[in-house]
Amino acid sequence: MSSVRNVHRILIYRIGNLGDIICTIPAMVAIRRRFPTAWIGLLTNKAIGGNPDPEAILEGNDFLDTIITYNPRQIRNFQYLKSLLAHIHDLKPELLVYFSLSDTTRRRLLRDWLFFKMAGCRKLIGFNKPKPEKVILKNGIKMPIFPQEVDRLMRHVVPLGIDPGKVEFRLPIKEKDREIINRIWARYRLNNKSPIVAICPGAKFQAKRWPEQRFSQVVSILSRKYEAQIILIGGPAEEEAGKKIVKASRTSVVNLIGQTTYMQSAEVLRRCDLLVSNDCGPAHLAAAVGTPVVGIYSSRDYPGAWHPWGNIHTILRNDSVSCRFCFKTDCETKECINGITVDQVIEACDKYLSSLPPKGEKE
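Here the structure is a predicted model, which means the values were calculated and not measured.

## Structural notes on the pattern of salt bridges
Across all of its chains, the model carries 18 salt bridges by this definition. Between Asp 62 and Arg 170 there is a salt bridge, with the nearest N and O atoms lying 3.3 Å from each other. Here Arg 170 lies in the loop between helix H6 (149–156) and helix H7 (175–187) and Asp 62 lies in the loop between helix H3 (54–57) and strand S3 (66–70), a separation of 108 residues in the sequence. Salt bridges sharing partners connect three or more residues here, namely Arg 33, Asp 62, Glu 168 and Arg 170.

## Thoughts on unusual backbone geometry
Residue Arg 250 is not a glycine yet carries a positive backbone phi of 55°. Mapped onto the fold, Arg 250 is located in the loop between helix H9 (239–249) and strand S10 (253–255). Exposure remark for Arg 250: the relative accessible area of 79% places this residue in the exposed category. In this model, Phe 327 sits at a positive phi of 60°, which is unusual for a non-glycine residue. Using a relative accessible area of 35% as the deciding quantity, one classes Phe 327 as partly exposed.

## Brief notes about the packing of aromatic side chains
Using the criterion set out here, one finds 10 aromatic pairs in the structure. A centroid spacing of 5.3 Å and a plane angle of 20° characterise the contact between Tyr 13 and Tyr 98, whose relative ring orientation is stacked. Remark: Tyr 98 occurs in strand S4 (residues 95–98) and Tyr 13 occurs in strand S1 (residues 9–13); sequence separation between them is 85 residues. Comparing Tyr 13 with Tyr 98, the two get one shared label, buried. Through a chain of ring-to-ring contacts, three or more aromatic side chains come together here, namely Tyr 13, Tyr 98, Phe 115, Phe 116 and Phe 127. Over the ring of Trp 185 we find Arg 271; its NZ or CZ atom is 5.4 Å from the centre of that ring.

## Brief notes about the sheet that holds strand S12 (residues 293–296)
If you walk across this open sheet you meet the six strands as S10-S9-S8-S11-S12-S13, and the pairing is parallel. Both edges of this open sheet fall to S10 and strand S13 (314–316), since each of them pairs with a single strand only. Across this sheet, the average inter-strand angle for adjacent strands is 20°, counted without regard to direction. Alignment of strand S9 (residues 229–232) against S10, held across three bridges, turns out to be parallel. Residue pairing across strands places Leu 232 opposite Asn 255, the latter belonging to S10. Across the face of the sheet, helix H8 (residues 212–226) comes into contact with strand S8 (196–200), S9, S10, strand S11 (274–278) and S12 while running at roughly 175° to S8.

## Concerning a nonpolar patch on the surface
Taken together, the side chains of Leu 110, Trp 113 and Leu 114 define a hydrophobic patch exposed on the protein surface, amounting to about 290 Å² of accessible area. One can find Leu 114 in helix H5 (residues 106–118).

## Things to note about the environment of Lys 117
Its place among the elements puts Lys 117 in helix H5. Between the C-alpha atoms of Lys 117 and Leu 96, which are 21 residues apart in sequence, the distance is 9.4 Å. The residues contacting Lys 117, other than those within four sequence positions of it, are Arg 122 and Leu 124.

## Quick notes on the side chain of Glu 267
Structurally, the position occupied by Glu 267 is in helix H10 (residues 262–270). Relative accessible area serves as the criterion here: at 1%, Glu 267 is assigned to the buried category. Side-chain polar atoms of Glu 267 contact the side chain of Arg 270, separated by 2.9 Å. Dropping the residues within four chain positions of it, Glu 267 is found in contact with Ile 173, Arg 178 and Ile 181.

## Considerations on the packing of helix H2 (residues 18–34) against helix H11 (residues 281–288)
At their nearest, the axes of H2 and H11 sit 7 Å apart, and the two run at 20° to each other. When the axis of H2 is compared with that of H11, the two are roughly parallel. Between H2 and H11 lies a crossing whose hand is left-handed. Residues Leu 18, Gly 19, Ile 22 and Cys 23 of H2 form the contact with H11, whose own contacting residues are Gly 281, Pro 282, His 284, Leu 285 and Ala 288.

## A short note on helix H4 (residues 78–91)
Look at H4: 20 Å from first C-alpha to last across 14 residues, which is about the 20 Å you get at 1.5 Å a residue. Within H4, burial applies to Leu 84, Leu 85, Ile 88 and Leu 91. All buried residues of H4 project into a common sector of 120° when viewed along the axis, lining one side. Exposed side chains of H4 directed beyond 90 degrees from the buried face belong to Phe 78, Gln 79 and Asp 90. Looking at the buried positions of H4, the neighbouring elements they touch are S1, strand S2 (39–45), S3 and H5. Where H4 starts, the residue carrying a side-chain oxygen 3.0 Å from the main-chain nitrogen of Gln 79 turns out to be Asn 77. Just beyond H4, the residue with positive phi is Lys 92, at close to 55°.

So, how was this worked out
Residues numbered from 1 in each chain as written. Predicted model: local features only at pLDDT ≥ 70, side-chain atom pairs only at ≥ 80, totals over all residues. Heavy atoms only, no water. Salt bridge = Lys/Arg side-chain N within 4 Å of Asp/Glu carboxyl O. Helix = DSSP H or I, 4+ residues; strand = E, 2+ residues; numbered from the N terminus. Buried < 20%, exposed > 50% of the residue type's maximum accessible area, 1.4 Å probe, protein only. Phe/Tyr/Trp six-rings, centres within 6.5 Å; stacked < 30°, edge-to-face > 60°. Lys NZ or Arg CZ within 6 Å of the ring centre and 35° of its normal. Pairing = 2+ DSSP bridges. Axes fitted to C-alpha atoms, helices over the stretch in contact; angles between N-to-C directions. Contact = heavy atoms within 4.5 Å. Patch = residues over 30% accessible without salt bridge, like charges linked within 9 Å, V, L, I, M, F, W, Y side chains within 5 Å. Areas by Shrake-Rupley, 256 points an atom, 1.4 Å probe, with all protein chains shown as cover. Polar contact = N/O pair within 3.5 Å; in protein donor to acceptor, adjacent residues only side chain to side chain. Parallel < 35°, antiparallel > 145°, perpendicular 65-115°, else oblique. Left-handed = near helix turned anticlockwise from the far one by under 90°. Expected span 1.5 Å × (residues − 1). Arc of directions from axis to C-beta.

This is the structure:
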């Protein structure tokens, strides 16, 4: 055990999109705290399909020394793979910390273990297949409950002498990001005297997207009921959805979709009282900055793992459907997520917005 803890060159492996990377930050920060003078690098993937590159999400962080990005589309090319192996070998990592994906397989674990052994990594930790914490019986249905992704990854670093309960999101939000959001706040007169609610209508997969017209209804109701100031957030892929929501809601909406970087979005969410969102990266950004989330989740995946971290959130799921846990990315009926009503979402929002104290200027 002591030989694993006393290392000076550490390579972390983690791939994925916005949510995957945000959920990994506490574990990476914990490694930096444990090894303050060590060289720590991250090996990650170049995103495909318009998703954000992990390197862009982590730009300006203070817990990694370098980020090495590989192209997954070329990984089957022998010369490319050989070059990547040589590059990792030249880095001389003493320890490889492997942060597996939540849906990883034993075959993939074995393949990656062999790869990093061939790359010269002497000590390797984290090659564990995700397992449910428990199975509960709900309405006569057996429900496997998985640990939230942040907690699962924190347990990977326990062999390094790290307390898995010390979760710290050290998002690389810079002063220039805050200044940009200050200007947006001034431009749209977001005075913080009324509740500020962020809405994110996007999601990576079609099966995880709640209907846009229902988001429009939520916007209209919250604006009328609480005089809430509404901000739409998301990436360029959600721009069309944002325009439809603005048009249909017939109320004043600040549409920031496609206009902010990831950390600027985090700063926006930090200043909001609530986020209403599909199962997507911004839900994890909100959790990272301490903003509650009303999450509208499909039942394509098991409950728990991809819920935002912490106990301040409300997750709406419809696990009574027979096709639950299908893991589909596209679905014709979307029976599970379409079974979540506007009234349910408003009721969940009420718990947060009805009890807000009078507000002055936020810091």
